[in-house]
Amino acid sequence: MDWLDKAFAAAGAAAWGGAAFSDLAGRMSPAARAEAERLCPRPRTVLAAAFPYYAGDRPGNLSLYARGADYHAVVARRLNTVCEVLIEKYPEESFFPAADSSPLPEREAAWRAGIGLRGMNGLLILPPYGTYVFLGTILTGAALDLPARPPAPDCPNCGACRAACPAGALEAGGPEASRCLSELTQRKGALTAEEEARLRAHPLIWGCDICQRACPYNAAPARSPLPEFSAGLVDRLGPADLAGLTNRTFRDKYGDRAFAWRGPGPLRRNLSLKEE
Ligand code: SF4
Ligand code: SF4
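Predicted, not measured: the structure shown is a model, and the values here were computed from it. (Residues numbered from 1 in each chain as written. Chains lettered and ligands numbered in written order. Predicted model: local features only at pLDDT ≥ 70, side-chain atom pairs only at ≥ 80, totals over all residues. Heavy atoms only, no water.)

> Tell me about the sheet that holds strand β2 (residues 45-52), and name the residues and values.
With antiparallel pairing, four strands are arranged side by side in an open sheet as β1-β2-β6-β3. On the outer flanks of this sheet lie β1 (15-20) and β3 (95-98), each paired with one strand and no other. On average, each strand axis in the sheet is tilted by 20° relative to the strand beside it, whichever way the strands run. Two elements, β1 and β2, share six bridges in a ladder whose sense is antiparallel. Bridge pairing in β2 places Ala19 opposite Val46. (Pairing = 2+ DSSP bridges. Helix = DSSP H or I, 4+ residues; strand = E, 2+ residues; numbered from the N terminus. Axes fitted to C-alpha atoms, helices over the stretch in contact; angles between N-to-C directions.)

Structure below.
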(Lines give C-alpha, C1' and ligand atoms only; values in the text may rest on other atoms or scores of the structure.)
(Ligands and ions follow the chains in the order given, each with its own letter.)
Protein backbone atom coordinates (compact mmCIF):
# COMPACT_ATOMS: atom_id res chain seq x y z
CA MET A 1 0.00 0.00 0.00
CA ASP A 2 2.27 2.70 -1.32
CA TRP A 3 -0.25 5.43 -0.65
CA LEU A 4 -0.40 4.50 3.06
CA ASP A 5 3.40 4.31 3.21
CA LYS A 6 3.45 7.84 1.83
CA ALA A 7 0.72 9.08 4.15
CA PHE A 8 2.47 7.77 7.28
CA ALA A 9 5.85 9.05 6.09
CA ALA A 10 4.35 12.49 5.43
CA ALA A 11 2.90 12.39 8.95
CA GLY A 12 6.40 11.84 10.38
CA ALA A 13 5.97 8.22 11.41
CA ALA A 14 9.20 6.23 11.45
CA ALA A 15 7.27 2.99 10.97
CA TRP A 16 3.69 1.83 10.67
CA GLY A 17 1.71 -1.36 10.27
CA GLY A 18 -1.66 -2.89 10.85
CA ALA A 19 -3.22 -5.60 12.99
CA ALA A 20 -6.64 -7.21 13.06
CA PHE A 21 -8.76 -5.98 15.94
CA SER A 22 -9.78 -9.57 16.60
CA ASP A 23 -6.13 -10.43 17.33
CA LEU A 24 -5.97 -7.68 19.95
CA ALA A 25 -9.36 -8.23 21.53
CA GLY A 26 -8.11 -11.18 23.58
CA ARG A 27 -5.53 -8.90 25.24
CA MET A 28 -8.15 -6.34 26.24
CA SER A 29 -10.41 -6.23 29.28
CA PRO A 30 -14.17 -6.51 28.65
CA ALA A 31 -14.46 -2.81 29.53
CA ALA A 32 -11.74 -1.86 27.03
CA ARG A 33 -13.37 -3.94 24.31
CA ALA A 34 -16.73 -2.34 25.04
CA GLU A 35 -15.16 1.12 24.90
CA ALA A 36 -13.47 0.33 21.56
CA GLU A 37 -16.81 -0.90 20.18
CA ARG A 38 -18.56 2.20 21.48
CA LEU A 39 -16.05 4.36 19.59
CA CYS A 40 -16.08 2.22 16.48
CA PRO A 41 -18.98 -0.21 15.98
CA ARG A 42 -17.69 -3.39 14.32
CA PRO A 43 -13.97 -2.60 14.74
CA ARG A 44 -11.86 -4.56 12.29
CA THR A 45 -8.46 -3.00 11.82
CA VAL A 46 -5.95 -1.19 14.02
CA LEU A 47 -3.23 0.78 12.29
CA ALA A 48 -0.26 1.55 14.53
CA ALA A 49 2.58 4.00 14.01
CA ALA A 50 5.73 5.04 15.87
CA PHE A 51 7.04 8.60 16.20
CA PRO A 52 10.62 9.10 17.46
CA TYR A 53 11.26 11.62 20.24
CA TYR A 54 14.91 11.33 21.28
CA ALA A 55 16.56 14.76 21.12
CA GLY A 56 19.93 13.99 22.68
CA ASP A 57 21.01 13.25 26.22
CA ARG A 58 20.59 16.71 27.66
CA PRO A 59 20.91 17.30 31.39
CA GLY A 60 17.63 17.96 33.16
CA ASN A 61 15.17 16.73 35.75
CA LEU A 62 12.28 15.68 33.50
CA SER A 63 11.97 12.40 31.68
CA LEU A 64 13.09 12.69 28.07
CA TYR A 65 9.60 11.92 26.79
CA ALA A 66 8.12 14.92 28.62
CA ARG A 67 10.48 17.66 27.44
CA GLY A 68 8.94 18.42 24.07
CA ALA A 69 5.36 19.19 23.13
CA ASP A 70 2.69 16.91 24.60
CA TYR A 71 2.83 13.75 22.50
CA HIS A 72 -0.89 13.07 22.96
CA ALA A 73 -1.75 16.13 20.89
CA VAL A 74 1.20 15.90 18.49
CA VAL A 75 0.68 12.25 17.57
CA ALA A 76 -3.10 12.64 17.27
CA ARG A 77 -2.60 15.67 15.01
CA ARG A 78 -0.13 13.80 12.83
CA LEU A 79 -2.36 10.73 12.65
CA ASN A 80 -5.24 12.94 11.63
CA THR A 81 -3.41 13.72 8.40
CA VAL A 82 -3.31 9.98 7.70
CA CYS A 83 -7.03 9.74 8.50
CA GLU A 84 -7.75 12.43 5.93
CA VAL A 85 -6.06 10.29 3.27
CA LEU A 86 -7.91 7.19 4.47
CA ILE A 87 -11.27 8.97 4.33
CA GLU A 88 -10.63 9.97 0.73
CA LYS A 89 -10.12 6.31 -0.15
CA TYR A 90 -12.85 4.96 2.12
CA PRO A 91 -15.51 7.70 2.34
CA GLU A 92 -18.03 5.33 3.92
CA GLU A 93 -15.76 4.44 6.82
CA SER A 94 -14.73 6.15 10.06
CA PHE A 95 -11.24 6.39 11.50
CA PHE A 96 -10.35 7.07 15.13
CA PRO A 97 -6.81 8.27 15.87
CA ALA A 98 -5.42 8.24 19.41
CA ALA A 99 -2.18 8.28 21.34
CA ASP A 100 -2.12 6.86 24.85
CA SER A 101 -5.79 7.73 25.24
CA SER A 102 -7.67 4.88 23.62
CA PRO A 103 -8.77 1.52 25.01
CA LEU A 104 -6.43 -0.25 22.56
CA PRO A 105 -3.25 -1.96 23.79
CA GLU A 106 -0.90 0.20 21.74
CA ARG A 107 2.32 -1.66 22.29
CA GLU A 108 0.69 -4.98 21.45
CA ALA A 109 -0.85 -3.45 18.32
CA ALA A 110 2.49 -2.05 17.20
CA TRP A 111 4.24 -5.35 17.86
CA ARG A 112 1.60 -7.38 16.02
CA ALA A 113 1.82 -4.87 13.16
CA GLY A 114 5.49 -5.78 12.78
CA ILE A 115 6.79 -2.35 13.80
CA GLY A 116 9.33 -3.40 16.42
CA LEU A 117 10.44 -5.75 19.16
CA ARG A 118 8.52 -6.24 22.39
CA GLY A 119 10.85 -5.09 25.17
CA MET A 120 10.95 -6.77 28.55
CA ASN A 121 10.73 -3.24 29.99
CA GLY A 122 7.20 -2.98 28.64
CA LEU A 123 8.11 -0.74 25.72
CA LEU A 124 8.33 -1.25 21.99
CA ILE A 125 11.85 -1.22 20.57
CA LEU A 126 12.28 0.29 17.12
CA PRO A 127 15.90 0.36 15.92
CA PRO A 128 17.58 2.80 15.40
CA TYR A 129 15.35 4.85 17.70
CA GLY A 130 15.37 2.31 20.50
CA THR A 131 12.49 2.68 22.91
CA TYR A 132 12.33 6.44 22.45
CA VAL A 133 9.21 6.36 20.30
CA PHE A 134 5.64 7.41 20.92
CA LEU A 135 2.99 5.05 19.64
CA GLY A 136 -0.31 5.99 18.12
CA THR A 137 -3.19 4.01 16.67
CA ILE A 138 -6.03 4.43 14.21
CA LEU A 139 -9.05 2.24 14.84
CA THR A 140 -11.45 1.57 11.98
CA GLY A 141 -14.20 -0.71 10.81
CA ALA A 142 -12.64 -0.77 7.34
CA ALA A 143 -11.16 -4.05 6.15
CA LEU A 144 -7.89 -2.73 4.78
CA ASP A 145 -5.72 -4.86 2.59
CA LEU A 146 -2.60 -4.57 4.72
CA PRO A 147 0.90 -5.78 3.95
CA ALA A 148 1.66 -9.00 5.80
CA ARG A 149 4.42 -8.14 8.27
CA PRO A 150 4.95 -10.76 10.93
CA PRO A 151 5.56 -9.57 14.48
CA ALA A 152 9.23 -9.03 15.32
CA PRO A 153 10.61 -11.31 18.03
CA ASP A 154 10.68 -10.31 21.65
CA CYS A 155 13.82 -8.53 22.86
CA PRO A 156 16.70 -10.84 23.86
CA ASN A 157 15.81 -10.45 27.55
CA CYS A 158 19.35 -9.45 28.47
CA GLY A 159 18.12 -8.30 31.89
CA ALA A 160 19.91 -4.93 31.85
CA CYS A 161 16.68 -3.01 32.40
CA ARG A 162 15.64 -5.30 35.24
CA ALA A 163 19.03 -4.99 36.92
CA ALA A 164 19.04 -1.19 36.56
CA CYS A 165 15.54 -0.57 37.92
CA PRO A 166 15.95 0.87 41.43
CA ALA A 167 12.38 -0.01 42.34
CA GLY A 168 12.38 -3.70 41.47
CA ALA A 169 9.49 -2.93 39.16
CA LEU A 170 10.61 -5.34 36.43
CA GLU A 171 11.17 -8.40 38.60
CA ALA A 172 7.94 -10.06 37.55
CA GLY A 173 9.00 -10.20 33.88
CA GLY A 174 7.30 -6.94 32.95
CA PRO A 175 6.63 -3.55 34.45
CA GLU A 176 4.63 -3.36 37.68
CA ALA A 177 3.06 0.10 37.63
CA SER A 178 2.47 0.11 41.38
CA ARG A 179 6.22 -0.05 42.03
CA CYS A 180 7.40 2.13 39.18
CA LEU A 181 9.01 5.45 40.05
CA SER A 182 7.59 7.06 36.95
CA GLU A 183 4.10 6.38 38.26
CA LEU A 184 5.12 7.60 41.71
CA THR A 185 6.40 10.96 40.41
CA GLN A 186 2.99 11.49 38.81
CA ARG A 187 0.88 10.45 41.78
CA LYS A 188 -1.24 13.13 43.37
CA GLY A 189 -1.76 13.58 47.09
CA ALA A 190 0.15 12.49 50.15
CA LEU A 191 2.88 9.88 49.94
CA THR A 192 4.15 7.58 52.64
CA ALA A 193 7.53 8.29 54.23
CA GLU A 194 8.97 5.35 52.30
CA GLU A 195 7.63 6.68 48.99
CA GLU A 196 9.04 10.12 49.76
CA ALA A 197 12.44 8.59 50.43
CA ARG A 198 12.31 6.79 47.08
CA LEU A 199 11.54 10.04 45.27
CA ARG A 200 14.26 11.90 47.16
CA ALA A 201 16.80 9.42 45.82
CA HIS A 202 15.41 9.61 42.29
CA PRO A 203 17.14 12.04 39.90
CA LEU A 204 13.98 13.21 38.11
CA ILE A 205 10.92 15.09 39.31
CA TRP A 206 8.77 13.68 36.48
CA GLY A 207 9.06 10.21 35.01
CA CYS A 208 11.96 7.79 35.04
CA ASP A 209 14.33 6.89 32.22
CA ILE A 210 16.58 4.44 34.06
CA CYS A 211 15.44 1.20 32.43
CA GLN A 212 15.46 2.84 29.02
CA ARG A 213 18.98 4.17 29.47
CA ALA A 214 20.13 0.67 30.42
CA CYS A 215 18.75 -0.97 27.28
CA PRO A 216 21.42 -1.77 24.67
CA TYR A 217 19.01 -0.74 21.93
CA ASN A 218 19.22 2.78 23.37
CA ALA A 219 23.02 2.96 23.41
CA ALA A 220 23.15 5.39 20.48
CA PRO A 221 19.59 6.18 19.49
CA ALA A 222 18.80 8.12 16.34
CA ARG A 223 17.44 11.58 16.97
CA SER A 224 13.90 12.61 16.27
CA PRO A 225 13.38 14.49 13.02
CA LEU A 226 10.11 15.91 14.39
CA PRO A 227 10.31 19.57 15.46
CA GLU A 228 7.74 19.20 18.25
CA PHE A 229 10.06 16.77 20.05
CA SER A 230 13.43 18.25 19.17
CA ALA A 231 13.04 22.02 19.60
CA GLY A 232 11.69 24.28 22.32
CA LEU A 233 12.41 21.66 24.96
CA VAL A 234 11.91 22.13 28.68
CA ASP A 235 14.71 20.06 30.20
CA ARG A 236 14.41 21.17 33.78
CA LEU A 237 11.93 22.75 36.16
CA GLY A 238 13.01 24.53 39.30
CA PRO A 239 11.03 26.20 42.12
CA ALA A 240 11.21 29.57 40.35
CA ASP A 241 9.49 28.11 37.28
CA LEU A 242 6.46 27.14 39.35
CA ALA A 243 6.45 29.97 41.89
CA GLY A 244 3.16 31.83 42.14
CA LEU A 245 1.39 29.78 39.48
CA THR A 246 -2.24 28.87 40.05
CA ASN A 247 -3.64 25.77 38.37
CA ARG A 248 -4.87 28.02 35.60
CA THR A 249 -1.67 29.99 35.03
CA PHE A 250 0.31 26.75 35.23
CA ARG A 251 -1.81 25.42 32.37
CA ASP A 252 -1.35 28.67 30.44
CA LYS A 253 2.41 28.28 30.77
CA TYR A 254 2.86 24.53 30.46
CA GLY A 255 -0.45 23.15 29.21
CA ASP A 256 1.15 21.98 25.97
CA ARG A 257 3.55 19.68 27.86
CA ALA A 258 3.05 16.06 28.83
CA PHE A 259 4.15 16.79 32.42
CA ALA A 260 1.25 19.22 32.91
CA TRP A 261 -1.69 16.84 33.10
CA ARG A 262 -1.54 16.45 36.89
CA GLY A 263 -1.23 20.20 37.50
CA PRO A 264 1.61 21.79 39.47
CA GLY A 265 1.04 19.85 42.71
CA PRO A 266 3.11 16.68 42.13
CA LEU A 267 5.94 18.68 40.50
CA ARG A 268 6.11 21.08 43.48
CA ARG A 269 6.03 18.20 45.94
CA ASN A 270 8.77 16.31 44.09
CA LEU A 271 10.92 19.43 43.88
CA SER A 272 10.45 20.15 47.58
CA LEU A 273 11.62 16.63 48.45
CA LYS A 274 14.92 17.38 46.69
CA GLU A 275 15.37 20.49 48.81
CA GLU A 276 14.88 18.80 52.17
S1 SF4 B 1 10.68 3.56 34.66
FE2 SF4 B 1 12.18 3.47 36.37
S3 SF4 B 1 11.08 2.58 38.12
FE4 SF4 B 1 9.84 2.22 36.28
S5 SF4 B 1 10.45 0.18 35.60
FE6 SF4 B 1 11.82 1.61 34.51
S7 SF4 B 1 13.62 1.85 35.84
FE8 SF4 B 1 12.02 0.89 37.05
S1 SF4 C 1 17.47 -3.94 28.48
FE2 SF4 C 1 17.59 -6.02 27.58
S3 SF4 C 1 15.83 -7.10 28.52
FE4 SF4 C 1 15.48 -4.90 28.82
S5 SF4 C 1 14.22 -4.25 27.07
FE6 SF4 C 1 16.35 -3.86 26.51
S7 SF4 C 1 17.02 -5.75 25.42
FE8 SF4 C 1 15.13 -6.25 26.55
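Now that the structure has been shown, the text picks up again.
> Could you give an account of the environment of Thr246, naming the residues involved and the relevant values?
Examined against the element boundaries, Thr246 turns out to sit in the loop between α11 (239-242) and α12 (247-254). Exposure remark for Thr246: the relative accessible area of 44% places this residue in the partly exposed category. (Buried < 20%, exposed > 50% of the residue type's maximum accessible area, 1.4 Å probe, protein only.)

> Would you mind going over the side chain of Asp235 in detail, with residue names and values included?
Mapped onto the fold, Asp235 is located in the loop between α10 (227-230) and α11. What Asp235 contacts, discounting residues up to four positions off in sequence, is Arg58, Pro59, Gly60, Asn61, Leu62 and Arg67. (Contact = heavy atoms within 4.5 Å.)

> Outline the packing of aromatic side chains, supporting the account with residue identities and numerical values.
The geometry of an aromatic ring pair comes down to the distance between the two centres and the angle between the two planes. For the structure shown, the criterion picks out 11 aromatic pairs. With 5.1 Å between their ring centres and 25° between their planes, Tyr54 and Tyr132 make a pair best called stacked. In this pair, Tyr54 is assigned in the loop between β2 and α4 (71-89) and Tyr132 in the loop between β5 (124-125) and β6 (133-140), connecting sequence segments 78 residues apart. Given a relative accessible area of 12%, Tyr54 falls into the buried group. These aromatic residues form a ring-pair network of at least three members: Tyr53, Tyr54, Tyr65, Tyr71, Tyr132, Phe134 and Phe229. (Phe/Tyr/Trp six-rings, centres within 6.5 Å; stacked < 30°, edge-to-face > 60°.)

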